[in-house]
Amino acid sequence: VRFVGVGEQVDALDDFDPGRMAERILGFGDVLGLIRTVEEAQADMDPDDMQSMEARAKKGDVDFNTLLQSFQMMKKMGSIKKLMGMIPGAANMIPQEALDNIDERQIEQTKAIILSMTLKERQTPDVLNSSRRKRIAAGSGTSVEQVNALVKQLYEMRRGMKQFGKMSKKMGKFKKR
């Protein structure tokens, strides 16, 4: 056996490695496959963009353009279901029916909402009033509630990333002592 199919498309062929396959079957994940997938995605990204994105994320300065970039990077890495299967222990922690219910179309729907925004709206979501949200919903084929939920998720993500950034700064100071 030289190749193993890891998806439904022709490009989803991977070199067969019996050790990695055994680890995946036993639920230990596929760390080497995950590392290779991340490295392949990073090779396609501009290093300056990656550093800029990381610095902005640490500050909590995330906008819809950043979210769109992260979706594009995720798409290069493969399906969420595939990535979750590669993480050690994830197969045991997450029930199989939850993995089966992951809907990749939801990401495409989110991208449609973001792409229906103007550049200014993507950069500064504070300008999104009710009439703009109605226009975005109509343009993306979604409801105003879905647009509102996405905006709320962005604000929660910002808050979480700010807290994470502050925590990592404190940990950095603690390690220097």
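Scope of this entry: the structure provided in the associated data block.

1. Thoughts on the overall build of the protein
Working step 1: The helix and strand inventory of the protein stands at eleven helices and two strands.
Working step 2: Along its sequence from the N terminus, the protein presents helices and strands in the succession β-β-α-α-α-α-α-α-α-α-α-α-α.
Working step 3: Burial status across the protein gives 28% buried among its 177 residues.
Working step 4: The contacts of the protein with a sequence gap of at least 6 include a subset with a gap of at least 24, amounting to 56%.

2. Thoughts on a positive patch on the surface
Working step 1: Where like charges cluster on the molecular surface, the positive patch consists of Lys59, Lys162, Lys166, Lys169 and Lys170.
Working step 2: With four residues, helix H11 (residues 144-176) is the largest single contributor of residues to the positive patch.
Working step 3: By the element assignment, Lys170 lies in helix H11.
Working step 4: By relative accessible area, which is 61% here, Lys170 ends up exposed.

3. Brief notes about helix H10 (residues 130-140)
Working step 1: Buried residues of H10: Arg133, Ile136, Ala137 and Ser140, and no others. Viewed along the axis of H10, the buried residues span an arc of 100°, placing them on a single side of the element. Opposite the buried face of H10, by more than 90 degrees, sit the exposed residues Lys134, Ala138 and Gly139.
Working step 2: Of the residues trailing H10, Gly141 is marked for its positive phi of about 70°.

4. Some points on a nonpolar patch on the surface
Working step 1: On the surface, Phe164, Met167 and Met171 cluster together into a nonpolar patch covering about 340 Å² of accessible area.
Working step 2: The topology assignment puts Met171 in helix H11.
Working step 3: We classify Met171 as partly exposed; its relative accessible area is 45%.

5. Notes on the nonpolar core
Working step 1: Counting residues in hydrophobic clusters, the biggest one holds 16 residues, and the most contacted among them are Phe64 and Ile114.
Working step 2: Secondary-structure elements contributing two or more residues to this core are helix H4 (64-77), helix H8 (105-115), H10 and H11.
Working step 3: Sequence-distant contacts of Ile114, that is, excluding residues within four places in its chain, are made with Phe64, Leu67, Leu68, Phe71, Arg122 and Leu150.

6. Some words on the environment of Gly165
Working step 1: Mapped onto the elements, Gly165 comes out in helix H11.
Working step 2: Taking the relative accessible area as the measure of exposure, Gly165 reaches 5% and is therefore buried.
Working step 3: Between the alpha carbons of Gly165 and Arg56 there is a distance of 9.9 Å; along the sequence they are 109 residues apart.

7. Some words on the pattern of salt bridges
Working step 1: Summed over all chains, the structure comprises three salt bridges.
Working step 2: Through salt bridges that share partners, Glu121, Arg132 and Arg135 make up one connected network.

8. Section: H4
Working step 1: Counted at 1.5 Å a residue, the expected span for H4 with its 14 residues is 20 Å, and the 20 Å between its end C-alpha atoms agrees.
Working step 2: Taken together, the buried positions of H4 are Phe64, Asn65, Thr66, Leu67, Leu68, Phe71 and Met77.
Working step 3: At the N-terminal end of H4, a side-chain oxygen is found 3.1 Å from the backbone nitrogen of Asn65, two or three residues along, and the residue is Asp63.

9. What to know about the side chain of Thr142
Working step 1: Within the element layout of this structure, Thr142 appears in the loop between H10 and H11.
Working step 2: A polar atom in the side chain of Thr142 sits 2.7 Å from the side chain of Ser140.
Working step 3: Those residues within four positions of Thr142 in sequence are excluded, and the remaining contacts are Gln109, Ile113, Ala137 and Val147.

10. What about the environment of Gln69?
Working step 1: Note on placement: Gln69 falls in helix H4.
Working step 2: As for Gln69 and Asp49, which are separated by 20 residues in sequence, their C-alpha atoms are 9.4 Å apart.

Analysis parameters
Residues numbered from 1 in each chain as written. Predicted model: local features only at pLDDT ≥ 70, side-chain atom pairs only at ≥ 80, totals over all residues. Heavy atoms only, no water. Helix = DSSP H or I, 4+ residues; strand = E, 2+ residues; numbered from the N terminus. Buried < 20%, exposed > 50% of the residue type's maximum accessible area, 1.4 Å probe, protein only. Contact = heavy atoms within 4.5 Å. Patch = residues over 30% accessible without salt bridge, like charges linked within 9 Å, V, L, I, M, F, W, Y side chains within 5 Å. Areas by Shrake-Rupley, 256 points an atom, 1.4 Å probe, with all protein chains shown as cover. Salt bridge = Lys/Arg side-chain N within 4 Å of Asp/Glu carboxyl O. Lys, Arg positive; Asp, Glu negative; His and termini not counted. Charge placed at Lys NZ, Arg CZ, Asp CG, Glu CD. Arc of directions from axis to C-beta. Core = buried A, V, L, I, M, F, W, Y, C linked by side-chain atoms within 4.5 Å. Expected span 1.5 Å × (residues − 1). Polar contact = N/O pair within 3.5 Å; in protein donor to acceptor, adjacent residues only side chain to side chain.

As far as function goes, none of this settles anything; it's purely spatial.
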